[in-house]
Amino acid sequence: MKEKRNITIIDKKQIPSEEPARQYYFMDIAKKYVAELAEQKGAPLTFCVTTFGCQMNARDSEKLVGILEQIGYVEAPDEKADFVIYNTCTVRENANNKVYGRLGYLQGFKKKNPYMMIGLCGCMMQEPTVVEKIQNSYRFVDLIFGTHNIYKFAELIVTALESDSMTIDIWKDTDKIVEDLPVERKYSFKSGVNIMFGCNNFCSYCIVPYVRGRERSREPKEIVREIEHLVQDGVVEVMLLGQNVNSYGRNLEHPMTFAQLLQEIEKIEGLERIRFMTSHPKDLSDELIEVMKNSKKICNHLHLPLQSGSSRILKIMNRHYDKEHYLELVDKIRAAVPDIALTTDIIVGFPGETEEDFEETMDVVRRVRYDSAFTFIYSKRTGTPAATMDDQIPEEVIKERFDRLLHEVQTISAEKAGKLTGQTLPVLVEEVNGQDASLVTGKLTNNSTVHFPGTADMIGTIQNVVLEECKGFYYIGRLA
């Protein structure tokens, strides 16, 4: 059993039944508890949120940080904080082992700090075997919750502070989306914006539909309202987030396509750039390509996961497109937006992949000529259909194929890298350069990195820059 924290338990009466009023009610209670504990400690209570995994998780962590700051916690630089939260990823099995290792490391801190709380959330917590292991082997953890009820964070903090045992609140699924809760953004000038949650695709190698639940889309007016508020707060670029943004809007009472949503977002005054991910090839419509072609704000970059160039393997992966369809899609996109940068994801060594299947992937890479690619060695993920398939590929074969693919991808990327040299293009300045304080670093709309002489007051602004020299995977430039 955990030691109960020394706080005066508040009598909770007339708890609001509607969200988000209910969570603001619990934020007020949590704020009083945190203030009381800070007084006992003689210093403000601190927190550290560590994010594993994708941009969806990164956006969720901004929500956690917003609530923690609202109730009186102060951000700390490391895990010696009074409240440590791991927002977990479970796409690959070794991600789970990394979290277990970090938990062992935290136990020593907790023994020395009576005010310390440890929380676990995110995709990994949606797996019953994980929660069972934590209950049995990591009993010093205070709070566990999953992907569906992150909006309940304030309420769960109150429960954990009042409890002398582990607080666990995992939902199998939900259709609820709660708006208007605090968010503390990492960047002042750009932000991720969730447009939908969950996934209906069930690719045979992927755990995401099992831990993120079925697709549910936010109402377009709520998305537009959020972006308008972000723009008023200085944001010039948004990244629209969903496991498959191309299927946005299908479950709304009044269905809307992703292309139609983009057209509404484009109308927002002051918003300069729109990005989105991830796009599933099976749902990328001609309507969307037309909107991208005519847009003044959608960035010239599309991440279009391939996974495999073999139609046979794609069918086993349950991807619902084949090699020919993918290549036709690329041709359509490039015809509409000739200067678009295309990036992709590729898995090497999927069960049953033959040398002929792998060569089909290499053929697509050579024909599409990606600007860059995220290449992955297939990792068996317990709980997915692919994990139980016969014909798992020997490690040495996978490694040899992976090296060949990586060489091909890097060779093509290097050949394409300098194509913009000499042009003057707009760059969104993101930071002072980490190696040379006389330079600032930013991004072109095609997602290429540019370093050029500048000052910190340029951060968050868009500057016209002459791209003087390509250094392989970035440009050196000067102000126009």
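See the structure printed just above.
Predicted model only: the values in this text are computed from it and were never measured.

Asks: Explanation requested: the sheet that holds strand β13 (residues 341-348) in the structure shown.
Replies: Picture the strands of a sheet paired through backbone hydrogen bonds; they go either parallel or antiparallel. Overall, parallel pairing links the three strands, which are arranged β12-β13-β14 in an open sheet. In this open sheet, the two edge strands, each paired with only one partner strand, are β12 (301-303) and β14 (372-377). On average, each strand axis in the sheet is tilted by 15 degrees relative to the strand beside it, whichever way the strands run. Of the strands in this sheet, β13 and β14 are in contact with helix α13 (residues 395-417), which crosses β14 at around 175 degrees.

Asks: How do you make sense of the pairing of strand β18 (residues 462-470) when you look at a structure like this?
Replies: Across a regular strand the side chains alternate sides, sitting on one face of the sheet and then on the other. As paired elements, strand β15 (residues 424-432) and β18 share five bridges and run antiparallel to each other. If you follow proline 426 over to β18, its bridge partner there is asparagine 464. Pairing of β18 with strand β19 (residues 474-479), which is carried by five bridges, proceeds in the antiparallel orientation. Across the sheet, the residue bridging to cysteine 470 is tyrosine 475, located in β19.

Asks: I tried to follow unusual backbone geometry on my own but got confused; where do I start?
Replies: As a rule of thumb, non-glycine residues mostly have phi less than zero, and peptide bonds are mostly trans rather than cis. Residue glutamate 19 is joined to proline 20 through a cis peptide bond whose omega torsion reads 5 degrees. Put simply, methionine 277 and threonine 278 share a cis peptide bond, and its omega is 5 degrees. Along the chain, threonine 278 turns up in the loop between β11 (273-277) and α9 (286-294). In this model, glutamine 14 sits at a positive phi of 50 degrees, which is unusual for a non-glycine residue. Looking at the secondary structure, you find glutamine 14 in the segment before α1 (21-41). Phi at asparagine 447 takes a positive value of approximately 80 degrees, unusual for a residue other than glycine. By the element assignment, asparagine 447 lies in the loop between β16 (439-443) and β17 (449-453).

Asks: Please explain the sheet that holds strand β6 (residues 167-169) as it appears in this structure.
Replies: Reading across the sheet, the six strands line up as β2-β1-β3-β4-β5-β6 and stay open at both edges, with parallel pairing between neighbours. Two strands lie at the open edges of the sheet, namely β2 (74-75) and β6, each paired on one side alone. As paired elements, strand β3 (residues 83-88) and strand β4 (residues 117-122) share six bridges and run parallel to each other. In the strand pairing of β4, tyrosine 86 is matched with leucine 120. This element, helix α5 (residues 153-162), spans β3, β4, β5 (143-145) and β6 of the sheet and lies at about 150 degrees to β5.

Asks: Explain the pattern of salt bridges to me, please; I cannot follow it from the model alone.
Replies: Oppositely charged side chains may form a pair once their charged atoms are brought near each other. Taken as a whole and judged by the stated rule, the model has 42 salt bridges. For the salt bridge of arginine 59 with glutamate 226, the shortest nitrogen-to-oxygen distance reads 2.7 Å. Highlighted residues: arginine 59 in helix α2 (residues 55-70) and glutamate 226 in helix α7 (residues 220-232), separated in sequence by 167 residues. For arginine 59, a relative accessible area of 4% puts it in the buried group. One salt bridge in this structure joins aspartate 371 and lysine 416, with 3.4 Å as the shortest N-O distance. Placement of the pair is aspartate 371 in the loop between α12 (355-368) and β14 and lysine 416 in helix α13, with a sequence separation of 45 residues.

Reading the values: rules and limits
Residues numbered from 1 in each chain as written. Predicted model: local features only at pLDDT ≥ 70, side-chain atom pairs only at ≥ 80, totals over all residues. Heavy atoms only, no water. Pairing = 2+ DSSP bridges. Helix = DSSP H or I, 4+ residues; strand = E, 2+ residues; numbered from the N terminus. Axes fitted to C-alpha atoms, helices over the stretch in contact; angles between N-to-C directions. Contact = heavy atoms within 4.5 Å. Salt bridge = Lys/Arg side-chain N within 4 Å of Asp/Glu carboxyl O. Buried < 20%, exposed > 50% of the residue type's maximum accessible area, 1.4 Å probe, protein only.

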